[in-house]
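# Results of the structural survey
Each chain, letter by letter, is given below.
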Amino acid sequence: MDLRICHLYPDLMSIYGDRGNVIALTQRARWRGIEVEARPHRAGERLEPDRADLYFFGGGQDQGQDVVSKDLAGPNGDALRRSIAGGAAVLSVCGGYQLLGREYVPEAAPAIPGLGVLDVTTRAGKVRFVGNLLAEAERGTLIGFENHSGRTYLGPAAKPLAKVLVGHGNNGEDRTEGALQGRIVGTYCHGSVLPKNPWLADLLLLWALERRHGPVTLAPLDDADELAAQRAAAEVARTRP
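Residues numbered from 1 in each chain as written. Predicted model: local features only at pLDDT ≥ 70, side-chain atom pairs only at ≥ 80, totals over all residues. Heavy atoms only, no water.

## Observations concerning the nonpolar core
Grouped together as the largest cluster of nonpolar side chains are 65 residues, with contacts concentrated most on L3, Y55, F57, L142, L194, L200 and L204. Residue contributions to this core peak at nine residues, all from helix α5 (residues 198-213). Of all hydrophobic cores here, the second largest spans six residues; its members include L134, I143, A234 and A237. (Core = buried A, V, L, I, M, F, W, Y, C linked by side-chain atoms within 4.5 Å. Buried < 20%, exposed > 50% of the residue type's maximum accessible area, 1.4 Å probe, protein only. Helix = DSSP H or I, 4+ residues; strand = E, 2+ residues; numbered from the N terminus.)

Given below as structure tokens:
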């Protein structure tokens, strides 16, 4: 069994060390004997809609988001939509999360159109949310570090990834963090998010592997170190938000 990962725009949309999510996905698959190929996709290159099982889309600054939005406005955006409709899984963080939505509206610039595969809209706020983020999802604890001024609001087709316990999450108002829609995950958790949240990594792996291999059962891993890191980070969040 094999897994194909596509890292979207790593030169423009990976400014907070979020490449660690690709490393975590790759390693957790390989520990289970799954062959992994991870490829970058950069603006101007042709995106192959039938190749990737899983996409990672990281965070970036407004300037980088503008370049990426233009690249997704053409054939590459159509290819990514077809790939997602065909069963590919997606993990998107911060700027990538925003660009999968309907639009991102900067504070003093024209709106940046999104891909529209997530029913979310983001507008820039005047106060930046920076700090530890602790939330509770249906499948387990979610821990990370947020650093964003965007205020993201979910439409009816998307549901929250988790409920905020410490931090601000999507918008600092409704206590929601991230979004789930189909096999797309959006989150504001940097850190990277997957090493300290192995349940989320395995959920994405399951979805991705099912695209070409059908129903899959993942062999269990010893996550003692990952869960210890999660507990330590959660305690820091509770005491020093």
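## A word on the sheet that holds strand β3 (residues 54-57)
Strand order in this open sheet of six strands is β2-β1-β3-β4-β12-β11, and the pairing throughout is mixed. The strands lining the two open edges of the sheet, one partner per strand, are β2 (35-41) and β11 (179-181). Taken over all neighbouring pairs, the strand axes of this sheet differ in orientation by 15 degrees on average, direction set aside. Sheet topology note: the strand β1 (residues 2-8)/β2 ladder contains seven bridges and is parallel. Opposite I5, over in β2, you have A38 as the bridge partner. This element, helix α1 (residues 20-30), spans β1, β2, β3 and β4 (89-93) of the sheet and lies at about 180 degrees to β1. The strands that α5 touches are β1, β3, β4, β11 and β12 (184-187); relative to β1, the one it contacts most, it runs at about 115 degrees. (Pairing = 2+ DSSP bridges. Axes fitted to C-alpha atoms, helices over the stretch in contact; angles between N-to-C directions. Contact = heavy atoms within 4.5 Å.)

## A few points about unusual backbone geometry
Note that the residue after G191, namely S192, is joined by a cis bond; omega there is -5 degrees. Here S192 shows up in the loop between β12 and α5. Phi at Y9 takes a positive value of approximately 50 degrees, unusual for a residue other than glycine. Mapping Y9 onto the fold places it in the loop between β1 and α1. Overall, the relative accessible area of 0% leaves Y9 in the buried class.

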